[in-house]
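# An overview of the molecular structure
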Amino acid sequence: MSASLVSDIEYPSTAGLLLETSTSQIISTKPQFDFRPRSVPRVLQPPLPHLCLDPKGDLRIDVGMYSKNSFTVCSRTLARVSPFWDRMLYGEFQEGKKQHCQDDSAEWTVQLPEDNPTAMSLLLSIIHGQFDAVPGYQDLLYISDLYDISVITDKYDMAHVLQPWARGWLRPTLCSAELVGESLREQYYHERLWISWALGDKANFEEISKIMLLTACTSSKDPNSLRCAGILEPPEIYEIIEQTRLDTIKALLAPFRTIIEGLIKNDKKLCGKYKRKKYSDVCLSSMLGTGIRSLYSVGLWPILQPVEVPWSVLILSDKLKSVKIESRGCIEDDDGHAHRCSHGPALQVEIQRVLDSIPSLLTEGHERHLECQARKSRV
């Protein structure tokens, strides 16, 4: 289907489960998915060993490494769809027609061992007008299938062929059978980040990046590990997430480190009644003791360096919110009330301020790419 045929079509909005700018709302509201049995995801069926998409096709494409699937296609159709195919088939590539013409006895064949046959079958069906093999706009797709499709559209610059379907397939209604838990791996966040990147869904790309920043941990064996072997990574975003995670952890720990160091150095101003020595001496010692015990109870004493923190930003912030730095059992005030000092309220405010001030993770390069892909796919 040409771009001109779909340029005026209005599609419903799929902004999805967008998180508000405030990180506090990100923390308090986990992504919610609609698991009502409104529709069952459509499973993409593996193609036949040999599929003829054009009876007059002049090219055979063999896809897959071990169990190859062959597709008879029209080389001109492929060349019109993608500049990549045009260069491959009619340029100086080894697979091109010029090389094939030197050996008329052989069938013109292109080998694509690294590509997924099922995803390639769907895309070849689209560009050859075989729409009965294509899920509809309202159909749900498994994330793993949509990921395989997006890998090929990115590789061959074919995002535009998905214009009539992309918005429908990207909507956030997901299959409960696929989402078996709450971790990054169980929610397929790595695949979803790539899908958003390849199809130009900026809103979801930014949302997923922020969620990964807040929930990722350092252990490669943890289901919340930031990296996932075998899944394609958009350029620079994982490095930005890693650095921003360290910066955020450093900012969260800084006020606790400052207060504890001040108490050790007997900084009188940390006591609310520091001008009266009989209060401050006892108060500072009490706050130091409760602070160290409280930090130790949540695994944060001695206070760790940012690179040593194994937990996610969210888990660390929860631990810090439970830390108490306060004086207990101090001498009574003149009016008969026990003197107490607590840095808890101020620390709670500072923790929230740090979380709310996490900057955007997207660079100008990310913005340009996502806008370009969005124009192609019309998401």
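Below is a short write-up of the structure.

So, how was this worked out
Residues numbered from 1 in each chain as written. Predicted model: local features only at pLDDT ≥ 70, side-chain atom pairs only at ≥ 80, totals over all residues. Heavy atoms only, no water. Helix = DSSP H or I, 4+ residues; strand = E, 2+ residues; numbered from the N terminus. Buried < 20%, exposed > 50% of the residue type's maximum accessible area, 1.4 Å probe, protein only. Contact = heavy atoms within 4.5 Å. Areas by Shrake-Rupley, 256 points an atom, 1.4 Å probe, with all protein chains shown as cover. Core = buried A, V, L, I, M, F, W, Y, C linked by side-chain atoms within 4.5 Å. Pairing = 2+ DSSP bridges. Axes fitted to C-alpha atoms, helices over the stretch in contact; angles between N-to-C directions. Expected span 1.5 Å × (residues − 1).

## Some thoughts on the overall build of the protein chain
Each helix and strand in the protein chain was counted, giving 15 helices and four strands. Expressed as a percentage of its 379 residues, the buried residues of the protein chain come to 47%. Pairs at least 24 apart in sequence give 70% of the contacts found in the protein chain among residues at least 6 apart. When the accessible surface of the protein chain is split by element, carbon and sulfur atoms take 53% of a total near 19,200 Å².

## What to know about the nonpolar core
Of all hydrophobic cores here, the largest spans 94 residues; its most connected members are Leu78, Trp85, Leu162, Met212, Phe256, Leu263 and Ile325. Take this core: its biggest share by element is eleven residues, from helix H11 (residues 237-264). Not counting chain neighbours up to four residues away, the residues in contact with Ile325 comprise Phe256, Ile259, Ile260, Leu263, Met287, Thr290, Gly291, Cys341, Ser342, His343, Gly344 and Leu347.

## Structural notes on the sheet that holds strand E4 (residues 109-112)
The strand order across the open sheet built from four strands is E1-E3-E2-E4, with neighbouring strands paired in mixed fashion. What marks the edges here is a single partner per strand, and that holds for strand E1 (50-52) and E4. Taking each pair of neighbouring strands and ignoring which way they run, the sheet shows an average axis angle of 20°. Bridging between strand E2 (residues 59-63) and strand E3 (residues 69-73) involves five bridges; their strand directions are antiparallel. By the bridge assignment for E3, Val63 is matched with Asn69. Contacts from helix H6 (residues 117-127) reach E1, E2, E3 and E4, with the element oriented near 15° to E3.

## Observations concerning helix H10 (residues 202-215)
With 14 residues, H10 should reach 20 Å at 1.5 Å per residue; the first-to-last C-alpha distance of 20 Å fits that figure. Within H10, ten of the 14 residues are buried, which leaves the element mostly enclosed by the surrounding structure. Taken as a whole, H10 has its buried residues at Asn204, Phe205, Glu207, Ile208, Ser209, Lys210, Ile211, Met212, Leu213 and Leu214.

## A closer look at helix H7 (residues 143-155)
Compared with an ideal rise of 1.5 Å per residue, which puts 13 residues at 18 Å, H7 spans 18 Å between its outermost C-alpha atoms and is within 8% of the ideal. The complete set of buried residues in H7 reads Ile143, Asp145, Leu146, Tyr147, Ile149, Ser150, Ile152 and Thr153. Where H7 is buried, its residues touch H6, helix H8 (166-170) and helix H9 (189-199). Just downstream of H7, Asp157 is the residue with a positive phi angle, here 55°.

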